[in-house]
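Overview (structure and organization)
As a plain string of letters, each chain reads:
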Amino acid sequence: MADTRQRLIDGAIETIRTHGLTGTTARSIAATAEVNQALVFYHFGTVHDLLQAACLAATQARVELFAERLEQITDLRQLLSLGRALHSEESAQGNVMVLAQLLAGAQTDPKLAEATAASLQLWITPIERALTRLLTGSPVSELIDTAGLARAVSAGFIGLELYEGVDPDGATAALDALDRLAVLIEVVDDLGPVALRALRGKLRKTAKKAR
């Protein structure tokens, strides 16, 4: 039973990958999973419920692998390097296509939107945890909303994955720009105590003006 359920989840993801969301039906999923079509309804009730479960399950499996690697990084450049590696892996496996299809479908489907948002949160949580750890003690941490930054990073990488399909060079340039930003933060962190105090004071004044 558990094996059949997993085959249906895997089949749903693969069907989206190859046929798009509009071509993902009980029949096409069952054909991909090599099971009887009736089992879709037996295990999940509806195709829609299967898609929601597949969205969450597939994301959870990817995030678990990513989170283990994320815990080993020690600076922002390593974080971005891991992001690049993840980007390449997700593209090669066709997961970018799946995400694009789910995001498109979620625009007009509240239930699918809920499942997709929950899946995105699975990525955001470990990224936020890593950013909090890496930026602790940095002068720039006083200006950064880590939770918001984690969402911006996640949204940025999703956008880059889709953007790469139409402008690969532009996507590469965007990733290079993020690398340079990480270097800038490292330079700030390496400033001497006098320069750091002056910088912190300037940053606090800037933050007050922005409120």
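To be clear, the structure that these remarks concern was listed above.
Read on for a plain summary of the structure. (Residues numbered from 1 in each chain as written. Predicted model: local features only at pLDDT ≥ 70, side-chain atom pairs only at ≥ 80, totals over all residues. Heavy atoms only, no water.)

**Some thoughts on the overall build of the protein chain**
Put simply, the rule reads: Helix and strand definitions here come from DSSP, where helices need a minimum of 4 consecutive H or I residues and strands a minimum of 2 consecutive E residues; each element is numbered from the N-terminal end. Buried means the residue's accessible area, taken with a 1.4 Å probe over protein chains only, is under 20% of the maximum for its type, while exposed means over 50%, and partly exposed covers the values in between.
Looking only at helices and strands, the protein chain features 10 helices and 0 strands. By the burial criterion, 38% of the 211 residues in the protein chain qualify as buried.

**Describing the pattern of salt bridges**
Our working definition: The salt bridge criterion pairs a side-chain nitrogen of Lys or Arg with a carboxyl oxygen of Asp or Glu, the two atoms within 4 Å.
Per the counting criterion, the structure on display carries 5 salt bridges. With its nearest N and O atoms 3.4 Å apart, the salt bridge here joins Arg 62 to Glu 89. Taken together, the residues Arg 62 in helix α4 (residues 47–70) and Glu 89 in helix α5 (residues 76–92) connect sequence positions 27 residues apart. With a shortest N-O distance of 3.5 Å, Glu 71 and Arg 129 are connected by a salt bridge. In this pair, Glu 71 is assigned in the loop between α4 and α5 and Arg 129 in helix α7 (residues 110–135), connecting sequence segments 58 residues apart. The exposure class of Glu 71 is partly exposed, given its relative accessible area of 45%.

**Here's the deal with helix α6 (residues 95–106)**
As a reminder of what qualifies: Any helix carries an expected span of 1.5 Å times its number of residues minus one.
Between its terminal C-alpha atoms α6 stretches 16 Å, which fits the 16 Å expected from 12 residues at 1.5 Å a residue. For α6, every residue scored as buried is listed here: Asn 95, Val 96, Val 98, Leu 99, Leu 102, Leu 103, Gly 105 and Ala 106.

**A short note on α4**
Between its first and last C-alpha, α4 extends 34 Å over 24 residues, near the 34 Å set by a 1.5 Å rise per residue. The complete set of buried residues in α4 reads Val 47, Leu 50, Leu 51, Gln 52, Ala 54, Cys 55, Thr 59, Arg 62, Val 63, Phe 66, Ala 67 and Leu 70.

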